[in-house]
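# What the coordinates show
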Amino acid sequence: MAIHVSDKIIAQIIEQAEHSYPHECCGFIIGTVLNELEVKAQSKASYYQPCLNQKSDNRERRFLIDPVSYQDAEDKADNEGLSIVSIVHSHPDHPDIPSEFDRIHAWPGLSYIIVSVQNRKATGYRSWRLTDDRQCFEQERLCIERTET
Ligand SMILES: [Zn+2]
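Okay, so let's go over this structure.

Reading the values: rules and limits
Residues numbered from 1 in each chain as written. Predicted model: local features only at pLDDT ≥ 70, side-chain atom pairs only at ≥ 80, totals over all residues. Helix = DSSP H or I, 4+ residues; strand = E, 2+ residues; numbered from the N terminus. Buried ≥ 20, exposed ≤ 12 C-beta atoms within 10 Å, placed from the backbone. Contact = placed C-beta atoms within 7 Å.

### Brief notes about the overall build of the protein chain
From N to C terminus, the protein chain includes three helices and seven strands. When the helices and strands of the protein chain are placed in sequence order, the string is β-α-β-β-α-β-α-β-β-β. Principal-axis analysis of the C-alpha atoms gives the protein chain an extent of 40 × 40 × 30 Å. Split into buried and exposed, the 149 residues of the protein chain put 31% on the buried side.

### Overview of the environment of Pro22
As for its position among the elements, Pro22 is in the loop between helix H1 (7-20) and strand E2 (26-34). The exposure class of Pro22 is partly exposed, given the 13 C-beta atoms found within 10 Å. Taking the C-alpha atoms as reference points, Pro22 and Gln118, 96 residues apart in sequence, are found 9.0 Å from one another. Those residues within four positions of Pro22 in sequence are excluded, and the remaining contacts are Glu60 and Pro92.

### Concerning unusual backbone geometry
The phi angle of most residues is negative, glycine excepted, and most peptide bonds adopt the trans form. Going from Tyr21 to Pro22, the amide bond is cis rather than trans, its omega being 5°. Positioned with a positive phi, Asp93 is a non-glycine residue whose angle comes to about 55°. The exposure class assigned to Asp93 is partly exposed, which follows from the 14 C-beta atoms found within 10 Å. Phi is positive for Arg120, close to 75°, though the residue is something other than glycine. Residue position: Arg120 is located in the loop between strand E5 (111-118) and strand E6 (121-130). Classification of Arg120 as partly exposed rests on a count of 13 C-beta atoms within 10 Å.

Geometric values such as these leave the question of function open.
If you want it as structure tokens, here you go:
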């Protein structure tokens, strides 16, 4: 399991996460699922699509993506021959590991990138995938590729 993301996308995510502090931020990574026989569950990011945290209360601890935003991102990706490969959110003053709430609301087949923001500064990020039985998350490799200039 791995997701390939450019350093440019990581920088956008970190900027959004730090800017949204102390609230959780969220967004989508749009890209391609790589179907390589040897390696299961690999994807490659094309771009980052930030979205608004629609949660009206407790935005320090929760995020909510409304179904319309999800559908819009999916339709746009579809038109481009791409798909949503990852849902990104931040954990203000909490580690970059999924919460029980995250597990209950996650779907298998997608990557979940979590950014930990401590006192307005992003201190770490990891990518996770829900197991098919939805019992737990497994960490996956997050490969950062340098953008050529
Ligand atoms: Zn979370």
